[in-house]
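Structural features, examined
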Amino acid sequence: MAGAAADELAAVKLETATQEFSNIVTTHRPQIFRFLLASTRDVDLAETLTQECFLKAHRNWSSFRGESSAMTWLMRIAINLQKDHWRNRRMQFWRHTRTNAVDLDEASDWLPSGERTAEQRILAKEQVSQVWRAVKGLSERQRTVFMLRYVEEQELGEIARATGLSEGTVKAHLSRAVGRVRAELGGKR
Amino acid sequence: MRFMGIFGKKRDRVGTSAELDLPVADEAVEQALKNFRQSVLAWSEAEFGRTRAAEKTVRQRSWRLAAGWALSVALVAGSVSGGVYDHHRQAEMARAAAAARAVQQQRATAERLAREDDQDLLAKVDSDVSKEVPSAMEPLAQLMAEDDIR
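Read on for a plain summary of the structure. These numbers were taken from a predicted model, which means no experiment stands behind them.

Quick notes on the overall build of chain B
Tallying secondary structure elements over chain B gives 4 helices and 0 strands in all. Shown N-terminal to C-terminal, the secondary structure of chain B runs as helices and strands in the order α-α-α-α. Scored against the burial criterion, the 150 residues of chain B give a buried share of 13%.

What follows is the structure, given as structure tokens:
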């Protein structure tokens, strides 16, 4: 009797956890994909890493204690996967070829139509292209911090938790990244 | 705005540097960063929607792969059978050439033998003719024959 009740409880718990995780995927998958796409400029790679991220999260879902938000936890997994991907010697081939990564001009083509004039669109495209050029010159860590701040609009504390850096270091990385953007746009560093 | 779908849940504004206590970025930088974010959002939303239809692409790729394999196999089979046929044809030609050479040799031998027969016959005729001397010269011929015997 007690055994049956325990089984039923376990089944309910499992179903709840599955439902919870399903919600997490639905809610956060676009953001994780976007972050990885912006970081790699490679649609296939971003999709693969996103899948891996959620697979890893699913395997470790029971160990997630909710000390940080689910998004921060997922982002941390995504950052580590991305890091592993580039550092893994088995992936050396990809590091050299990167044939799927779109070039900067192509990446700059994407602009929301909005209610802009043709002139404004050209100006915006030029600015986007300049930012991409600046991003290309950033270190891996600077780029991650930059994307989390200026694409994902995360707070410094969130970025620090996701990257495992101190807030001061995050701020320093951001400062250098913005300096590069400013230099690319024609101002002084 | 165009990207207000699944990606539009967060605030549509990059926090200013002052809010973040970051080194002050000028207006142009802020505007560029805002445009950059909008661009990435638009790109990401378009690609995210597209990746859901990946199954079809994979199927097309697998068809292409199968067609490629079939074509490769056909090419290899064609090359091999062509090579075998060519080898067979060359062997046939070599056999025919050898047979023609043998026939030619036989013909040449026969001609040579016939020529030798003719020469022997002519020599015999010559010697026979030379032995038959006119009656007026018979005594001289007998003398020469006796000299030969001696």
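And the narrative resumes.
A few points about unusual backbone geometry
Here R41(A), not a glycine, exhibits a phi torsion of approximately 55°, which is positive. Here R41(A) shows up in the loop between α1 (2-40) and α2 (43-59).

Quick look at α2(A)
Residue and element names in this part refer to chain A. Between the first and last C-alpha of α2 there are 24 Å, a value that for 17 residues agrees with the 24 Å anticipated at 1.5 Å per step. Along α2, the residues that are buried comprise V43, L45, A46, L49, T50, C53, F54 and A57. All buried residues of α2 fall inside an arc of 160° around its axis, so they share one side. Turned more than 90 degrees off the buried face of α2, the exposed positions are L55 and R59.

A closer look at the environment of V181(A)
Within the secondary structure layout, V181(A) lies in helix α9 (residues 167-185). With 50 residues separating them along the chain, V181(A) and V131(A) place their C-alpha atoms 5.7 Å apart. Residues in contact with V181(A), not counting those within four places in the same chain, are V131(A), A134(A), V29(B), A32(B) and L33(B).

As for the packing of helix α7 (residues 140-150) of chain A against helix α8 (residues 156-163) of chain A
When two helices pack together, their arrangement is captured by the angle between the axes and the distance separating the axes. All names here are of chain A. It is the contact of α7 with α8, at a shortest axis distance of 10 Å, that shows an interaxial angle of 140°. It follows that α7 is oblique to α8 by the angle criterion. In the crossing of α7 with α8, the sense of the turn from one axis to the other is right-handed. Of α8, the residues touching α7 (which contributes T144, V145, L148 and R149) are I159, A162 and T163. For the contact of α7 with α8, the residue count by class is 4 nonpolar, 2 polar and 1 charged.

Scoring rules and cut-offs
- Residues numbered from 1 in each chain as written.
- Chains lettered and ligands numbered in written order.
- Predicted model: local features only at pLDDT ≥ 70, side-chain atom pairs only at ≥ 80, totals over all residues.
- Helix = DSSP H or I, 4+ residues; strand = E, 2+ residues; numbered from the N terminus.
- Buried ≥ 20, exposed ≤ 12 C-beta atoms within 10 Å, placed from the backbone.
- Expected span 1.5 Å × (residues − 1).
- Arc of directions from axis to C-beta.
- Contact = placed C-beta atoms within 7 Å.
- Axes fitted to C-alpha atoms, helices over the stretch in contact; angles between N-to-C directions.
- Parallel < 35°, antiparallel > 145°, perpendicular 65-115°, else oblique.
- Left-handed = near helix turned anticlockwise from the far one by under 90°.
- Nonpolar A, V, L, I, M, F, W, Y, C, P; charged D, E, K, R; others polar.

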